[in-house]
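Coordinate inspection notes
What follows is the residue order along each chain.
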Amino acid sequence: QVQLVESGGGLVQPGGSLRLSCAASGRTSSLFNMAWFRQAPGKEREFVASIRWRGTTIYYADSVKGRFTISRDNAQNTGYLHMNSLKPEDTAIYYCAARYLQTGSYDYWGQGTQVTVSS
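Bear in mind the structure is a predicted one, so any value in this text is a computation, not a measurement.

Some remarks on the pattern of salt bridges
- By the definition in use, this model includes four salt bridges.
- Ionic pairing is found between glutamate 46 and arginine 38, a salt bridge with its closest N-O pair at 2.6 Å.
- A relative accessible area of 35% means that glutamate 46 is categorised as partly exposed.
- The partner of lysine 65 in a salt bridge is aspartate 62, with the nearest N and O atoms 3.1 Å apart.

Right, dumping it as C-alpha cells:
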C-alpha cells in the first residue's frame, strides 16, 4: 500500500500562485499513476490532473489547462501541482490520489489540503 500526504494549500489572491505537494510513502516503486482531484463546497469531486509515475503521460482537466502543471520527483517520492493564475473558482479541497493499475479507480487518497482564492 501507499500513504499520501498533501501540503502547500492556503489563501491566495486571484491571479496568484501556489504549489501543492503530495508525499508518498510505502510501496511506491510499483505505482502506475498519481493524480490530483478537487472538491468545492456543494460540488462533486472533480479530476484536475494526472501523471504517469514512471513516464511522461500527463492529462489535465480543461478548466486548468495552461494554468496548472503537474510534475513528480521519483527520487523524493513526491508529486506536485503548480497552480498559476488562480481564480476564485479554483477554491476547493485538493486531494492527491494514486493507483497501481493502468485503468480503474484511484484506490489511495490523501487527507486533502484547502486552497482558497479570494481578495
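Next, the rest of the story.
Some thoughts on the environment of proline 88
- Residue position: proline 88 is located in the loop between β8 (78–83) and β9 (92–99).
- Separated by 75 residues in the primary sequence, proline 88 and glutamine 13 place their C-alpha atoms 8.4 Å from one another.
- Not counting chain neighbours up to four residues away, the residues in contact with proline 88 comprise Pro14 and Val117.

Looking at the sheet that holds strand β7 (residues 68–73)
- A sheet is described by the order of its strands in space; here four strands give the open sequence β1-β3-β8-β7, paired in antiparallel fashion. On the outer flanks of this sheet lie β1 (2–7) and β7, each paired with one strand and no other. Along the sheet, successive strands turn relative to each other by an average axial angle of 15°, direction set aside.
- Here six bridges tie β7 to β8, and the two strands are oriented antiparallel to one another. What sits directly across from phenylalanine 68, in β8, is methionine 83.

Concerning the side chain of glutamate 6
- Counting through the fold element by element, glutamate 6 comes out in strand β1.
- In this structure, glutamate 6 is buried with no salt-bridge partner, the nearest side chain bearing the opposite charge being arginine 45 at 8.7 Å.
- Among the polar contacts listed, one links the side chain of glutamate 6 to the backbone nitrogen of glycine 112, at a separation of 2.9 Å.
- Ignoring any residue separated from it by four or fewer positions in sequence, one finds glutamate 6 in contact with Ser21, Cys22, Trp36, Tyr94, Tyr95, Cys96, Gly110, Gln111, Gly112 and Thr113.

Details of the state of the cysteines
- Using the criterion set out here, one finds one disulfide in the structure.
- Put simply, cysteine 22 and cysteine 96 are joined by a disulfide, and their sulfur atoms are 2.0 Å apart. Disulfide cysteine 22-cysteine 96: the torsion about the S-S bond is -75°, which places it as left-handed. Of this pair, cysteine 22 sits in strand β3 (residues 18–26) while cysteine 96 sits in strand β9; the two residues are 74 residues apart in sequence, bridging distant segments of the chain.

Reading the values: rules and limits
Each chain carries its own residue numbering, running from 1 in the written order of its sequence. Local features are withheld for residues below a pLDDT of 70 in this predicted model, meaning they are given only at 70 or higher, and side-chain atom pairs are given and counted only at 80 or more; totals for whole chains, interfaces and linings count all residues. The side-chain quantities take in all heavy atoms of the structure and omit both hydrogens and water. Any carboxyl oxygen of Asp or Glu that lies within 4 Å of a side-chain nitrogen of Lys or Arg is treated as forming a salt bridge with it. Accessibility here uses a 1.4 Å probe with only protein chains present; expressed as a share of the type maximum, an area under 20% marks a residue as buried, one over 50% as exposed, and anything in between as partly exposed. In this text, helices come from DSSP runs of H or I with a minimum length of four residues, and strands from runs of E with a minimum of two, each type numbered from the N-terminal end. Whether two residues touch is decided by their heavy atoms; if any such pair falls within 4.5 Å, the residues are in contact. Strand pairing requires that DSSP identify at least two bridges connecting the strands. Geometry is summarised by axes, namely lines fitted to C-alpha atoms with helices restricted to the contacting stretch, and by angles between N-to-C directions that run from 0 to 180 degrees. Neither His nor the chain ends contribute to the count of charged residues, in which Lys and Arg are positive and Asp and Glu negative. Within 3.5 Å is the distance limit for a polar contact, defined as a pair of N or O atoms, with the added protein rule that one can donate a hydrogen and the other accept it, and that residues adjacent in sequence qualify only through two side-chain atoms. Disulfide: a pair of cysteine sulfur atoms within 2.5 Å of each other.

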